[in-house]
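# A closer look at the structure
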Amino acid sequence: LIGVYTNRHGERWELQLKGSGKTPYSRNGDGRAVLRSSVGEFLCSEAMHYLGIPTSRAASLVVSDDDVWRDQFYNGNIKKERGAIVLRLAKSWFRIGSLEILAHSGELDLQRRLLDFIIQEHFPSIAMNDSNRYLEFFSTVVSETANLIALWMSVGFAHGVCNTDNFSLLSITIDYGPFGFMDSYDPNFVPNTSDDEKRYKIGNQANVGLFNLSKLLQALKPLLDPRQKQLASQILEGYGERYYIRFTELFKTKLGLLGENEEDNYLIAFLLKVSLLC
């Protein structure tokens, strides 16, 4: 993260470099990116934006003269590729993992300070003096995550690596890695060649969203009282219904279905099944 930029419209954007080299958070990686994946992120993030799907944006792409060694298909065949750096931006890069790691290490004071900062900066509808602000925050993230994944499904987008560190607290699409779009309907479609167990197959994205939100709730629980914990669990239980309602709305719009008809859901399921058979 290299800084925060406020444009002429008063919009605040956090600027981040991908592929610039090692940082304290690079773990065992080299912190570099190859041209192939950088072009993919640039094009896809912009495409997602113009499809109306919340996403990070790509501001620029710079090609590097340095060589980067990568095993593209994870089959032991390491090849030299051209390096690149993407300057990408988002309203925030905070993820579920940002809170999860603090809860795991028992840094509750820091977690509370960070959560208050996130709410104050990015959730203006939540009052900072509201004793239920963390509950309201969780409810918003649950609802918006359900909306985001339904939008992914409406265009056949598979993220590829839906872990908690790749799920935005602002419910935007971030960290484009081994993503892909279905050429034809297949709920088992997996764009990530290293995902042998198909954990992140496109048909499992809604379930993975629920798993990640349960991890978020687990991280928030030390900051909630018993009543709030119970209410938060009820909110999480409503995730499936919220996702299904939004999914149905989007597919009814795609089919041009107007009004409410109990046969609509059957028609959507039938057409998806027909697409699979084709």
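Residues numbered from 1 in each chain as written. Predicted model: local features only at pLDDT ≥ 70, side-chain atom pairs only at ≥ 80, totals over all residues. Heavy atoms only, no water.

### With respect to helix 4 (residues 133-154)
With 22 residues, helix 4 ought to run about 32 Å at 1.5 Å a step, and its terminal C-alpha atoms sit 32 Å apart, in line with that. Among the 22 residues in helix 4, 18 count as buried, and that is most of the element. (Helix = DSSP H or I, 4+ residues; strand = E, 2+ residues; numbered from the N terminus. Expected span 1.5 Å × (residues − 1). Buried < 20%, exposed > 50% of the residue type's maximum accessible area, 1.4 Å probe, protein only.)

### Considering the side chain of glutamate 46
For glutamate 46, the position within the fold is in helix 1 (residues 35-50). For glutamate 46, the residues in contact, after removing those within four places along its chain, are Arg57 and Ala58. (Contact = heavy atoms within 4.5 Å.)

### What about the domain arrangement of the chain?
Interface size is often expressed as the accessible area that is lost when the parts come together. Here the chain is partitioned into domain 1 (3-90) and domain 2 (96-254). Relative to domain 2, the C-alpha centre of domain 1 lies at a distance of 22 Å. Listed as interface residues are 19 residues of domain 1 and, on the opposing side, 18 residues of domain 2. Across the interface of domain 1 and domain 2, roughly 1400 Å² is buried in total on both sides, 66% from carbon and sulfur atoms. Linking domain 1 with domain 2 are two salt bridges. (Domains from an automatic or database assignment. Buried area = accessible area lost by both parts, 1.4 Å probe. Salt bridge = Lys/Arg side-chain N within 4 Å of Asp/Glu carboxyl O.)

### Examining the environment of tyrosine 243
With respect to the secondary-structure elements, tyrosine 243 resides in helix 7 (residues 239-255). Judged by relative accessible area, tyrosine 243 falls into the buried class, the value being 13%. The residues contacting tyrosine 243, other than those within four sequence positions of it, are Ala146, Ile149, Ala150, Met153 and Ala206.

### Looking at the pattern of salt bridges
A side chain of one charge can pair with a side chain of the opposite charge when the charged atoms of the two come close. For the structure shown, the criterion picks out 16 salt bridges. Across the pair glutamate 41 and arginine 88 runs a salt bridge, and its minimum N-O distance is 2.8 Å. Of this pair, glutamate 41 sits in helix 1 while arginine 88 sits in strand 5 (residues 79-90), placing them 47 residues apart in sequence. Accessibility assignment for this pair places glutamate 41 and arginine 88 in one class, buried. Note that aspartate 67 and lysine 80 form a salt bridge whose closest N and O atoms lie 3.8 Å from each other.

### Some details on empty space enclosed by the protein
Within this structure, the stated rule accounts for one cavity of 30 Å³ or more. In this structure, the largest cavity spans a volume of roughly 40 Å³. Thr145, Leu148, Trp152, His159, Asn166, Phe167, Ser168, Ser171, Ile172, Thr173 and Ile174 together form the lining of the largest cavity. Of the residues that constitute the lining of the largest cavity, the class distribution is five nonpolar, six polar and no charged. (1 Å grid on protein atoms, 1.4 Å probe; cavity = no way out; pocket = protein on both sides within 12 Å on 5 of 7 lines; lining within 4 Å. Points joined across faces, edges and corners; volume = space filled by probe spheres on them. Nonpolar A, V, L, I, M, F, W, Y, C, P; charged D, E, K, R; others polar.)

### So, the packing of aromatic side chains
Considering all chains together, one arrives at eleven aromatic pairs under this definition. Judged by centre distance (5.1 Å) and plane angle (75°), the ring pair of phenylalanine 123 and phenylalanine 137 falls under edge-to-face. Residue phenylalanine 123 is located in the loop between helix 3 (108-122) and helix 4, and its partner phenylalanine 137 is located in helix 4; the two are separated by 14 residues in the primary sequence. In terms of burial, phenylalanine 123 and phenylalanine 137 fall into one category: buried. Ring centres of tryptophan 152 and phenylalanine 157 lie 5.5 Å apart, and the angle between their planes is 70°; on these two criteria the pair is classed as edge-to-face. For tryptophan 152, a relative accessible area of 2% translates into the label buried. Looking at lysine 91, its charged tip hangs above the ring of tryptophan 13, at a distance of 4.8 Å from the centre. (Phe/Tyr/Trp six-rings, centres within 6.5 Å; stacked < 30°, edge-to-face > 60°. Lys NZ or Arg CZ within 6 Å of the ring centre and 35° of its normal.)

### Thoughts on the nonpolar core
Ranked by size, the top nonpolar core spans 53 residues in total, and within it Phe137, Phe138, Trp152 and Leu216 carry the most contacts. Per-element tally for this core: the top contributor is helix 4, with 13 residues. In terms of domain composition, this core takes at least three residues from each of domain 1 (3-90) and domain 2 (96-254). Contact partners of tryptophan 152, with chain neighbours within four places excluded, come to Met48, Ile53, Phe157, His159, Cys162, Phe167, Thr173 and Gln205. (Core = buried A, V, L, I, M, F, W, Y, C linked by side-chain atoms within 4.5 Å.)

### Looking at unusual backbone geometry
Look at serine 171: it is not a glycine, yet its phi comes out positive at around 55°. Looking at where serine 171 falls in the secondary structure, it is placed in the loop between strand 6 (157-158) and strand 7 (180-181). One non-glycine residue, lysine 198, lies in positive phi territory at about 55°.

### Here we look at the side chain of arginine 133
Inspection of the secondary structure assignment puts arginine 133 in helix 4. Since its relative accessible area comes to 15%, arginine 133 is described here as buried. A polar contact is formed between the side chain of arginine 133 and the side chain of aspartate 116, at a distance of 3.0 Å. Engagement of the side chain of arginine 133 in a polar contact is seen with the backbone oxygen of methionine 128, the distance being 3.5 Å. The residues touching arginine 133, leaving out its near neighbours within four places in the chain, are Asp116, Ile119, Ile126, Ala127 and Met128. (Polar contact = N/O pair within 3.5 Å; in protein donor to acceptor, adjacent residues only side chain to side chain.)

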